Amino acid sequence: PPEDRQWLWLAGSLLHDGDPADRAFAEALIVNALPTDPATDMDLKPAGAWSIFANNHAITLLCRHREVLGPAARERLMVWARQALAPHPGDRQADYQFHGYNDNMPAKATCGLILGGELLDDPTAVAHGVWLLRQLRDQLSRRGAVSEHNSPTYSILTIAYLSELAHDARHAEARAIATACAERLWAEILGRYHPGLGLAGGPY
């Protein structure tokens, strides 16, 4: 079967301006995405419950669509959201800082901490996420690009999570930094786009 992230990505697409049948299918995907341990409601998979992709995408789904989701789907997403705010495994792990490597991962963690912290009333998570955003701003001020340069996959994922923050965060500084960083990354992507080839050129 697909990985957990793919179930949730598909659910997000169906929920975006979806008709009732689309929303019902999205809820079925969310509720049945992976088998769970009834004692803990934790995902049963070889790597354990944590997934930097699924846990943080669950938060973005809640922020955008919780009003149209039924109770079972909402609670399933909340299980992932609560896991995301944990120190280890969770978004506060030291590896999910902007330290010049694999920057799409800390972008997911940053988004999860800020939006999840606001959703679950956890100000320490929000503060940690804003601290991470400042790291990214400082990295871009030093060298103008993320470590994944203009990757057509990973830079776009970084932009997507920064855009979620720019659109949905209540924290004013978080919105401002996320917007500025996303604009800089778009400049990197578009500045290296080759219209003749229809591809991103450059160092990725």
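Please refer to the structure higher up on the page.
In what follows, the accompanying structure is described. (Residues numbered from 1 in each chain as written. Predicted model: local features only at pLDDT ≥ 70, side-chain atom pairs only at ≥ 80, totals over all residues. Heavy atoms only, no water.)

1. Some details on the overall build of the protein chain
The criterion, for reference: Segments assigned H or I by DSSP are reported as helices when at least four residues long, segments assigned E as strands when at least two residues long, and all are numbered from the N terminus. Two residues form a contact once any of their heavy atoms are found within 4.5 Å. Computed with the Shrake-Rupley method and a 1.4 Å probe, the accessible areas treat only the protein chains shown as cover for residues. Only four residue types enter the tally: Lys and Arg on the positive side, Asp and Glu on the negative side, with His and both chain ends excluded. Where a charge lies is defined by one atom per residue type, namely NZ (Lys), CZ (Arg), CG (Asp) and CD (Glu).
Along the backbone of the protein chain there are eight helices and four strands. Along its sequence from the N terminus, the protein chain presents helices and strands in the succession α-α-β-β-α-α-α-α-α-α-β-β. For the protein chain, the spread of C-alpha atoms along the three principal axes comes to 50 × 40 × 35 Å. A sequence separation of at least 24 residues applies to 65% of the contacts in the protein chain between residues at least 6 apart. Approximately 9900 Å² of the protein chain is accessible, and the part contributed by carbon and sulfur atoms is 58%. Positive and negative side-chain charges of the protein chain, numbering 18 and 24 respectively, have mean locations separated by a distance of 5 Å.

2. Structural notes on helix α4 (residues 71-84)
For clarity, the threshold we go by: One fewer than the residue count of a helix, multiplied by 1.5 Å, yields its expected span. Any residue under 20% of the maximum accessible area for its type is buried, any over 50% is exposed, and the rest in between are partly exposed; the area is computed with a 1.4 Å probe on protein chains only.
A rise of 1.5 Å per residue sets the reference length of α4, with its 14 residues, at 20 Å; its end C-alpha atoms lie 20 Å apart and thus fit the reference within 8%. Taken together, the buried positions of α4 are Ala73, Arg76, Leu77, Met78, Val79, Trp80, Ala81, Gln83 and Ala84.

3. Let's talk about helix α8 (residues 172-191)
Definition in use: Arc definition: it is the arc formed by the directions from the helix axis to the C-beta atoms.
With 20 residues, α8 ought to run about 28 Å at 1.5 Å a step, and its terminal C-alpha atoms sit 29 Å apart, in line with that. Among the residues making up α8, those that are buried are Ala174, Ile177, Ala178, Cys181, Ala182, Leu185, Glu188 and Ile189. Considered in projection along α8, the buried side chains sweep an arc of 130° and stay on one side of the axis. More than 90 degrees from the buried face of α8, the exposed residues found are Glu183, Leu190 and Gly191.

4. Observations regarding the nonpolar core
Short version of the rule: For this analysis, a nonpolar core means a set of buried residues of the types Ala, Val, Leu, Ile, Met, Phe, Trp, Tyr and Cys, connected via side-chain atoms within 4.5 Å.
If you look at the biggest cluster of nonpolar residues, it comprises 53 residues, and the most contacted ones within it are Leu8, Ile30, Leu77, Leu133, Leu162 and Leu165. For this core, the secondary structure elements donating two or more residues are α1 (4-15), α2 (20-32), α3 (52-65), α4, α5 (104-119), α6 (123-143), α7 (154-168) and α8. The contact partners of Leu8, leaving out residues within four places of it in the chain, are Ile30, Ala54, His57, Ala58, Leu61, Leu77 and Trp80.

5. Quick notes on the environment of Leu157
Tracing the sequence through the fold places Leu157 in helix α7. The spatial distance from the C-alpha of Leu157 to the C-alpha of Met105 is 8.9 Å, given a sequence separation of 52 residues. Discounting chain neighbours no more than four positions away, the residues touching Leu157 are Asn104 and Lys108.

6. Comments concerning the pattern of salt bridges
In plain terms, the rule: Any Lys or Arg side-chain nitrogen located within 4 Å of an Asp or Glu carboxyl oxygen qualifies as a salt bridge.
A full pass over the atoms with the stated rule returns eight salt bridges. A salt bridge links Arg64 to Asp168; the shortest N-O distance between them is 2.7 Å. Taken together, the residues span a long stretch of sequence, with Arg64 in helix α3 and Asp168 in helix α7 at a distance of 104 residues. For Arg64, a relative accessible area of 39% puts it in the partly exposed group. For Arg134, the salt bridge goes to Glu173, with nearest N and O atoms at 2.8 Å. With Arg134 in helix α6 and Glu173 in helix α8, the pair connects residues that are 39 residues apart, well separated along the chain. By relative accessible area, which is 29% here, Glu173 ends up partly exposed. Taken together, the salt bridges that share partners define one network made up of Arg64, Glu164 and Asp168.

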